[in-house]
Amino acid sequence: MADPKRAEFADLLREDRSFSPPPEFTARAVVRDDRIYAEADRDPEAFWARFAGELEWSRRWDTVLDWQPPHAKWFVGGKINASVNCLDRHVRGPRRNKAALIWEGEPGDRRTLTYFDLFRQVSAFANVLTSLGVRKGDRVAIYLPLIPELAISMLACARIGAVHSVVFGGFSAESLRDRINDSQCRVLITADGGFRRGQIVALKQVADEALADTPSIENVVVVQRGHAEMPVHIKEGRDHWYHRLMQDASYKCDPEPMDAEDMLYILYTSGTTGKPKGIVHTTAGYLVGTYATTKLVFDLREDDVYWCTADIGWVTGHSYVVYGPLANGATVVMYEGAPDWPKKDRFWSLIETYGVTVFYTAPTAIRAFMKWGTEWPKKRDLSSLRLLGSVGEPINPEAWVWYYHFIGGDRCPVVDTWWQTETGAIMITPLPGVTTLKPGSATRPFPGIAAEIRNERGEKVDVGGGLLALTRPWPSMLRGIYGDPERYVRQYWNKWGSGVYVTGDGAKRDADGCFWLLGRVDDVINVAGHRIGTMEVESALVDHPGVAEAAVVGRAHEIKGQAIAAFVTVKEGTHATKDLADVLKEHVVKKIGAIARPDDILFTADLPKTRSGKIMRRLLRDIAEGKALGDTTTLADPAVVAKLKANYEEEYG
Ligand code: PRX
């Protein structure tokens, strides 16, 4: 384990005000008093079953939980379909013509889909998938920009029982290929392209590169954004235009009654090895978890306009753009592009235009807004907002207070929500009508969730720092890693006995029982809210013929939270030049995607290693952060580190 970062924690505590919920907020809130915590603790299964009972089942469950640590089955015997709960249920009632999705493309194009529109399109596309031979249990890869067809594709898969695997549109051809091959997807859904900061992202071209080596793919569906500059090659027999297939598709499609534990989706995320893991979520528990948390944490009311800015390619988009809000019948805003395009007030202009009431974004965005200056939000009317959320990385108190004041007008509670791809739904969070907020703290576990701080030996720490663990199963928990059951056990459940889930995060619990998240303690880094494995970047670097060895660490970064610093040794005969550094950065982009581009590359003749040959990443992080070096006595050659530090300071100091 790396050291829990105490210095950073001291920083976190600089802002020591706390904020009680405004009485007028509490008066109308979904949860108005904190008895819900005791109630959920007394009988967690009954608590979750209460929310399950608000959903529509084609067969009710027999048993809420079957827990054979570390394997859980929730709502055993139940039959349920996620698309029915996100669509049919609303279409039959007064929400039929309510806006489900309000979408805006980066160039300014707009589409609004009512629940009935979305229901028809999902059903029609579900029929299209069936006509392409997709059957229950088949995997379907989705590689799309943030357009309505992304949500439509996911729900269409859910309707017929196909398992979707969404790959973020910023990932490279190789990343897409590996994800398709790992789970043997039969169909790929992509688009000619999308827009990002005024640039065209030619997705189909990238997909074509991946498709050269994905033997399991039989059919490719291509959504047309219809821009002349998006070059598209259509391979006869394999590739089909989405709009052509949809032309004659019937919108009558009987939903597949899914077993509660049938797989709903796979989503790849980075871990401590070079290979991303396919996190598996199943149907009923995931739906119950996202439904309940969306309702309580975002305090949803019928007339809310809810906007979560995450891309659907990440878990936040799965749970809090698609499944959670749609299961609640909310109006969801979706925006395709960048927050600073064409100007730095794009987000605020969207909030003003659509009257957004609940807004959920990431600290990295908030820190960028702070840097851009308050004149941008001040130009817009943000008075529709009533609740703000934060997710993806620790939020520093300064950013929290800025968000609260300049965006929320000192009137909107800020819910700092901690969770992971693996947890499926929010785990630690305030409930906005009852929780006293402390800037920088995600406060308390959601009702029914049991979180603890433990020391290395596994002993519970009541007040103080250590490792964050979840000690009771929860409905939306991951059910495994696709194709690697053994890794599931080893990675998450083996540290202190098989009933305790190890999060990989360091955290501290204060005397009031509030949790303060301190970041990852494993070889995973969090760059601008994106989770990246240091080993993945290292493998990409050593894949270059000139590189002998590479070590990658995250260093603190003012806006992105962490930046990627790579220490590289080159092979004999290769010259360690600035040009090579640029080539290596591009090489990583090509292998993984732009999110993994190293910020710093430092060439070095040696890497600091222990006598047993292990690279000492902790020291490298200290070097990259310009800190005084800690204990180097276990090093094989302490001189290596001193030299490295001097070089780094010369280059980046
Ligand atoms: O380190 C934690 C950080 O993001 C990790 C999970 O990343 P991912 O699976 O990509 O999911 C991101 C969106 C849920 C966690 O292990 N993290 C997430 N939310 C917070 C956070 N760290 C501190 N505070 C948060 N609110």
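Everything quoted here is computed from the prediction, not taken from an experiment.

Draft legend 1. Highlighting the overall build of the protein chain. Secondary structure assignment for the protein chain yields 21 helices and 31 strands. Once the C-alpha set of the protein chain is aligned to its principal axes, its extents read approximately 70 × 60 × 55 Å. Counting every position in the protein chain, which comprises 653 residues, the buried fraction comes to 62%. Put simply, of all contacts in the protein chain between residues at least 6 apart along the chain, 71% involve residues at least 24 apart. Looking at the protein chain as shown, the accessible area adds up to about 24,300 Å², and 49% of this sits on carbon and sulfur atoms. In the protein chain, 81 positive and 86 negative side-chain charges are present, and the distance between their average locations comes to 2 Å.

Draft legend 2. Summary view of the packing of helix 5 (residues 82-91) against helix 6 (residues 115-131). Where helix 5 meets helix 6, the axes come as close as 9 Å, and the angle between the chain directions of the two elements is 125°. Considering their axes alone, helix 5 and helix 6 lie oblique with respect to each other. When you trace helix 5 past helix 6, the crossing you get is left-handed. The segment helix 5 lies against helix 6, with C86, L87, D88, H90 and V91 engaging Y115, F116, L118, F119 and V122. Looking at the contact of helix 5 with helix 6, its residues break down into eight nonpolar, one polar and one charged.

Draft legend 3. Main features of the packing of aromatic side chains. Taken as a whole and judged by the stated rule, the model has 44 aromatic pairs. Between the aromatic rings of W307 and F359, the centroid separation amounts to 5.2 Å while the plane-to-plane angle is 55°, which identifies the pairing as tilted. Pair noted here: W307 is in strand 16 (residues 305-308) and F359 is in strand 18 (residues 358-361), with a separation of 52 residues, a long-range link. With a relative accessible area of 0%, F359 lands in the buried category. Aromatic ring contacts, followed pair by pair, group W307, Y335, F347, W348, F359, F369, W372 and Y403 into a single cluster. Lying across the ring of W103, R111 places its NZ or CZ 6.0 Å from the centre. The ring of Y37 carries R444 above its face, with NZ or CZ at 3.7 Å from the centroid.

Draft legend 4. Expanded view of the sheet that holds strand 21 (residues 451-454). Read across the open sheet, the five strands follow the order 22-21-23-25-26; overall the sheet is antiparallel. The two strands at the open ends of the sheet, each matched to only one other strand, are strand 22 (460-461) and strand 26 (515-520). Pairing between strand 23 (residues 464-470) and strand 25 (residues 501-509): six bridges, direction antiparallel. Bridge pairing in strand 25 links A469 to V502.

Draft legend 5. Region of interest: the pattern of salt bridges. Going through the model one piece at a time under the given rule, you end up with 54 salt bridges. The partner of R555 in a salt bridge is D600, with the nearest N and O atoms 2.7 Å apart. Taken together, the positions of R555 in strand 29 (residues 547-557) and D600 in strand 31 (residues 600-603) put the pair 45 residues apart, joining distant regions of the chain. Residues R555 and D600 agree in their burial class; the two are buried. Note that E625 is salt-bridged to K627, the shortest N-O span being 2.7 Å. What makes K627 partly exposed here is its relative accessible area of 34%. Each of E174, E209, D543, K590 and K591 takes part in one network of salt bridges that share partners.

Draft legend 6. Fine view of the site of the ligand. Looking at the ligand, there are 17 residues lining it, with D416, T417, T421, D505 and R531 nearest. Contact between the ligand and Q420: an oxygen atom at 2.9 Å from a side-chain N or O atom of the residue. Between an oxygen atom of the ligand and a side-chain N or O atom of R520, the distance comes to 2.9 Å. Surface burial for the ligand is 96%, taken as the share of its 540 Å² of free accessible area covered by protein chains. Secondary-structure elements contributing two or more residues to the shell around the ligand are helix 12 (315-327), strand 20 (414-417) and strand 26. Grouping the constituent residues of the shell around the ligand by class yields six nonpolar, six polar and five charged.

Draft legend 7. Up close: the nonpolar core. The biggest cluster of nonpolar side chains holds 125 residues, and the ones touching the most others in it are F75, L118, F125, F298 and Y323. The element best represented in this core is helix 6, accounting for ten residues. In contact with Y323, not counting residues within four places along its chain, are A82, C86, M154, L155, A158, H164, L264, Y265, Y286, L287, T290 and H318. Within the second largest apolar cluster, 40 residues are counted, among which are L211, I564, V568 and F603.

Draft legend 8. Summary view of the side chain of N219. By the secondary structure assignment, N219 is in strand 11 (residues 219-223). Separated by 3.5 Å, the side chain of N219 and the backbone oxygen of L132 make a polar contact. Within polar-contact distance, the side chain of N219 engages the side chain of H240 at 2.7 Å. Residues contacting N219, with those up to four places away along its chain left out, are L132, R186, V187, L188, G237, R238 and H240.

Draft legend 9. Spotlight on helix 19 (residues 578-591). Its 14 residues give helix 19 an end-to-end C-alpha distance of 20 Å, which sits within 8% of 20 Å, the value for a rise of 1.5 Å per residue. A positive phi of about 140° marks G593, the residue just after helix 19.

Draft legend 10. View of the sheet that holds strand 12 (residues 239-241). Sheet architecture is open: eight strands sit in the order 12-11-8-6-7-14-15-24, paired in mixed fashion. Each having just a single partner strand, strand 12 and strand 24 (480-481) make up the two edges of the open sheet. Here helix 12 sits on the sheet in contact with strand 7 (163-166) and strand 14 (263-269), set at roughly 140° to strand 14.

Draft legend 11. Broad picture of the pairing of strand 29. Relative to strand 30 (residues 561-570), strand 29 runs antiparallel, the two sharing ten bridges. Along strand 30, the bridge assignment pairs V553 with A565. A loop of three residues connects strand 29 with strand 30, the two strands running antiparallel in sequence.

Draft legend 12. The state of the cysteines, seen in detail. As enumerated under the stated definition, the model contains zero disulfides in all. No disulfide involves C253; its sulfur sits 11 Å from the nearest other cysteine sulfur, which is in C157.

Draft legend 13. Representation of the environment of C514 in the model. Here C514 lies in the loop between strand 25 and strand 26. What C514 contacts, discounting residues up to four positions off in sequence, is K438, S441, T443, K508 and R509.

Analysis parameters
All residue numbers refer to positions counted from 1 along the written sequence of the respective chain. Reporting in this predicted model follows two pLDDT cut-offs: at least 70 for local features of residues, and 80 or more for side-chain atom pairs to be given and counted; totals over whole chains, interfaces and linings ignore these cut-offs and use all residues. Water and hydrogen atoms were dropped before computing side-chain values, which therefore reflect all heavy atoms in the structure. We count a stretch as a helix when DSSP gives it H or I for four or more residues in a row; a strand needs E for two or more, and each element gets its number in order from the N terminus. Only protein chains enter the calculation, and the probe is 1.4 Å; a residue is then buried if its accessible area is under 20% of its type maximum, exposed if over 50%, and partly exposed in between. Here, residues are in contact when the closest pair of their heavy atoms is within 4.5 Å. All accessible areas in this document rest on Shrake-Rupley with a 1.4 Å probe, and a residue is counted as covered only by the protein chains that are shown. The positive count covers Lys and Arg only, the negative count covers Asp and Glu only, and His and the chain ends enter neither. Working definition for charges: the position is that of NZ of Lys, CZ of Arg, CG of Asp or CD of Glu. Axes, fitted as lines to C-alpha atoms, cover a helix only where it is in contact. Angles between the N-to-C directions of the axes lie from 0 to 180 degrees. Each angle receives one of four descriptions, namely roughly parallel if under 35 degrees, roughly antiparallel if over 145, roughly perpendicular if within 65 to 115, and oblique otherwise. For a crossing to be left-handed, the near helix must be turned anticlockwise from the far one by less than a right angle; the clockwise case is right-handed. The residue classification treats Ala, Val, Leu, Ile, Met, Phe, Trp, Tyr, Cys and Pro as nonpolar and Asp, Glu, Lys and Arg as charged. All others, Gly included, are polar. Note on aromatic contacts: the rings of Phe and Tyr and the six-membered ring of Trp form a pair at centre separations within 6.5 Å, being stacked when their planes are under 30 degrees apart, edge-to-face when over 60 apart, and tilted otherwise. Geometrically, a charge over a ring is one whose NZ (Lys) or CZ (Arg) sits within 6 Å of the ring centre while staying within 35 degrees of the ring normal. Pairing between strands requires that DSSP locate at least two bridges from one strand to the other. Each reported salt bridge corresponds to a side-chain nitrogen of Lys or Arg within 4 Å of a carboxyl oxygen of Asp or Glu. The rule for a residue being near a molecule or strand is that one of its heavy atoms must lie within 4 Å of it. Residues adjacent in sequence count toward polar contacts only when both atoms are side-chain atoms; beyond that, a polar contact is any pair of N or O atoms within 3.5 Å, and within protein one must be able to donate a hydrogen and the other to accept it. Throughout, nonpolar core names a set of buried Ala, Val, Leu, Ile, Met, Phe, Trp, Tyr and Cys residues whose side chains join them through atoms within 4.5 Å. Any helix carries an expected span of 1.5 Å times its number of residues minus one. A pair of cysteine sulfur atoms is labelled a disulfide when the two atoms are within 2.5 Å.

Honestly, that's just the spatial picture; any functional story needs more than this.
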